[in-house]
Amino acid sequence: MATQPRTYEDDRNTASQDTVYTDSNGVPVPHPYEAQRAGANGPLLLQDFHLIDLISHFDRERIPERVVHAKGSGAHGTFKCTKSLDDLCIADMFSEAGKECPVTVRFSTVGGEAGSHDCARDPRGFSVKFRTEEGNWDMVANNTPVFFLRDPAKFPHFIHTQKRDPSTHLTHSDDSTMFWDYLSQNPESVHQVLILMGDRGIPDGYRHMHGYSGHTFKLVNKSGDWVYAQMHMKSKQGTGFITQEDSANYSPDYSQKDLYGAIEKGDYPSWSVEFQTMTAKEAEELWETQKINVFDLTHVWPHKQFPLREVGEFTLNENAKNYFAEVEQVAFNPAHMPPGVEPSADPVLQSRLFSYPDTHRHRVGVNYQQLPVNSSRTSHRGANFQRDGSMAFFNQGSRPNYLSSIEPISFRERSVNLDKVHGEFISDAVTFLSEIKPEDFNAPRALWEKVFDDKAKARFVSNVSGHMSTCRYPEIIKRQIAIFREVSDDLATRVEEATGIKGYDGIANLQFNGTHNGMTSNSKLRYAN
Ligand code: HEM
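- The name given to the protein chain in an unreviewed UniProt entry is Catalase, with the source organism recorded as Imshaugia aleurites.
- Under the Cofactor (unreviewed entry) heading, UniProt states for the protein chain: "heme".
- Here the protein chain is described in UniProt, under the heading Catalytic activity (unreviewed entry), as follows: "2 H2O2 = O2 + 2 H2O".

This is the structure in structure tokens:
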């Protein structure tokens, strides 16, 4: 008879034929369906530990699902550096071509629950845990380069409008009032709305989409010099989309099936890893000349000025053996960065650095980092003074739990001069986070005018008007049309025709309930109530 699993790999590879049926305590039980009763038809006995053990564990099977991105799929694979980045970054994983590290990736939709449809019109999450020699780097990205907001205080409001109504318990598929109410009050969302309601709003599974950090990070080199950077992960399978009409023909787990099936049959999906970079001086100039603030993730960096530089690629070649252990319990945290990668002052990123480990302690438990799927794989043995708490499996033995002079631990020297690392660019770029400016409409206008062809435009308008048909207040639609008019007259007029609702002529005379309207010269109108 095999012994109980001693290691994670042992457990992960357990095969039924090597096992014998036991209770949770390892005591063999002759049959899983034999409840102990007082006589043939008598009541159950409290002494039946096996039954109580079984049912009480079942009663506790669920952990909270992720508050966002609850529906997801994951897999493991390998990252390989193809071109060294050591002129810009000291991170070991980029130090030389050929360097490899394992990765775990999780893709997701955003608003739906764990059991929801994975072909929903929604951004997709794209999280990568690079298991580097220097600790894990969690790139917690989306499949869109921009986001709906730049003020983190708006996030819970925005997400609530993507979830079920507190009273009707319906989602925005049945009643889109909240959805458009939020967007029509927060015009900085319009760039992401163009992406969401356009073809990229329903990617053809997770293999056919790119990933973007969205946020600006900093890469630091050995001299302590740094550049701003955005990461792009480009699908080598190409991109593809599903139309709104067609999406009804897809099963709720299509994206899961597609990813799992491809990996099972050896058709391993892969993505290149590329960076756009810019110096602090270029960031200042970008603000002065184009009013693009690198701390504002509703904007993209112009590709002509800031071309992509490829540094590596990753391939997913292994499915999870156990979904719960390896995908549900995996915890990605944007604050996990190796030396050489630093956060920027982007306020949304800064808030996320707090939010993820906070939710992990709630969702998985205080010692979530000890779970095999979350723990790091460094060759040095880490030591710290975090102890105890629920389920402390690894508790650092008899080592002192304070900084002891009798049993000292060692410290690595800082790899770079932090004075330069923490230098920030400060100019008039730091303004009221939600102020709407004419520049907010430039990128969505370029999408509408230069990227969408006629068919894509028609699909966009049909997606928007179809979705708006369950919005209960025409006033909300009139305001959203006003926002579309700032993007393009043509776009606004087409939405008017499709909805049969005449919108406002632009936003100059509108007030917003959480947004400073910088599109008007009338200062009285700049704040709503
Ligand atoms: C998941 C918060 C913005 C990408 C989550 C989770 C929280 C959260 C609490 C659940 C994490 C878990 O249970 O493991 C926030 C807050 C934001 C924000 C407070 C803004 C203030 C963003 C942005 C992106 C993003 C801008 C992408 C650029 C993701 C992804 C996941 C996620 C990909 C799923 C992670 C996984 O697969 O486990 N977010 N988020 N979030 N978020 Fe955000």
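### What to know about the site of the ligand
- What surrounds the ligand is a group of 27 residues, the closest being Arg66, His69, Gly125, Phe155 and Gly214.
- If one sorts the elements of the shell around the ligand by residue count, helix H10 (residues 347-363) sits on top with eight residues.
- For the shell around the ligand, the class distribution of residues is 12 nonpolar, 11 polar and four charged.

### Here we look at the environment of Arg445
- Relative to the elements of secondary structure, Arg445 occurs in helix H12 (residues 442-451).
- Since 16 C-beta atoms lie within 10 Å of it, Arg445 is described here as partly exposed.
- Separated by 10 residues in sequence, Arg445 and Lys455 place their C-alpha atoms 17 Å apart.
- Setting aside residues up to four positions removed in sequence, Arg445 forms contacts with Val487 and Ser488.

### A closer look at the packing of helix H5 (residues 190-197) against H12
- Where H5 contacts H12, the axes come no closer than 8 Å and their chain directions differ by 25°. As the angle between them shows, H5 and H12 are arranged roughly parallel. Note on packing geometry: the crossing formed by H5 with H12 is left-handed. Between H5, through Val190, His191 and Leu194, and H12, the contact on the second element is made entirely by Ala443, Pro444, Leu447 and Trp448.
- Split into classes, the residues belonging to the contact of H5 with H12 amount to six nonpolar, one polar and no charged.

### Things to note about the pairing of strand S7 (residues 226-235)
- In terms of burial, S7 is largely enclosed, as nine of its 10 residues are buried.
- Both strand S5 (residues 211-212) and S7 contribute to a ladder of two bridges, which runs antiparallel. Bridge assignment links Tyr212 to a residue of S7, and that residue is His232.
- By the bridge criterion, four bridges tie strand S6 (residues 217-220) to S7 in an arrangement that is antiparallel.

### What about the confidence of the model for the protein chain?
- Looking at the protein chain as a whole, its pLDDT mean stands at 93, while 95% of the residues score no less than 70.
- Taken as a whole, residues 523-529 scores under 50 in pLDDT and shows 11 contacts with residues more than four places along the chain or in a different chain.
- Under the prediction, the complex receives an ipTM of 0.98, its pTM being 0.95.

Definitions and limits used
- Counting restarts for each chain: residues are numbered from 1 in the order of the written sequence.
- Residue-level local features of this predicted model are given only where pLDDT is at least 70; pairs of side-chain atoms are given and counted only at 80 or more, and the full residue set underlies all totals for whole chains, interfaces and linings.
- UniProt positions are given in the numbering used here, feature names are shortened, and annotations may be inferred rather than shown by experiment.
- Any residue whose backbone-placed C-beta atom lies within 6 Å of a molecule or strand is treated as near that molecule or strand.
- Going along the chain from the N terminus, every DSSP run of H or I of four or more residues is numbered as a helix, and every run of E of two or more is numbered as a strand.
- Gly counts as polar in this scheme, as do all residues outside two lists: the nonpolar Ala, Val, Leu, Ile, Met, Phe, Trp, Tyr, Cys and Pro, and the charged Asp, Glu, Lys and Arg.
- Buried means a residue has 20 or more other C-beta atoms within 10 Å of its own C-beta, exposed means 12 or fewer, and partly exposed covers the counts in between; C-beta atoms are placed from the backbone.
- Two residues form a contact once the distance between their C-beta atoms, set from the backbone, is within 7 Å.
- A fitted line through C-alpha atoms represents every axis, and for helices the fit uses only the stretch in contact; the resulting angles, taken between N-to-C directions, go from 0 to 180 degrees.
- Each angle gets one of four labels, with under 35 degrees taken as roughly parallel, over 145 as roughly antiparallel, 65 to 115 as roughly perpendicular, and the rest as oblique.
- Working rule for handedness: look at the near helix, and if it is turned counterclockwise from the far one by less than a right angle, call the crossing left-handed; if clockwise, right-handed.
- Note on pairing: DSSP must find at least two bridges between two strands before they are called paired.
- Confidence scores per residue from the predictor, reported as pLDDT, run from 0 to 100.

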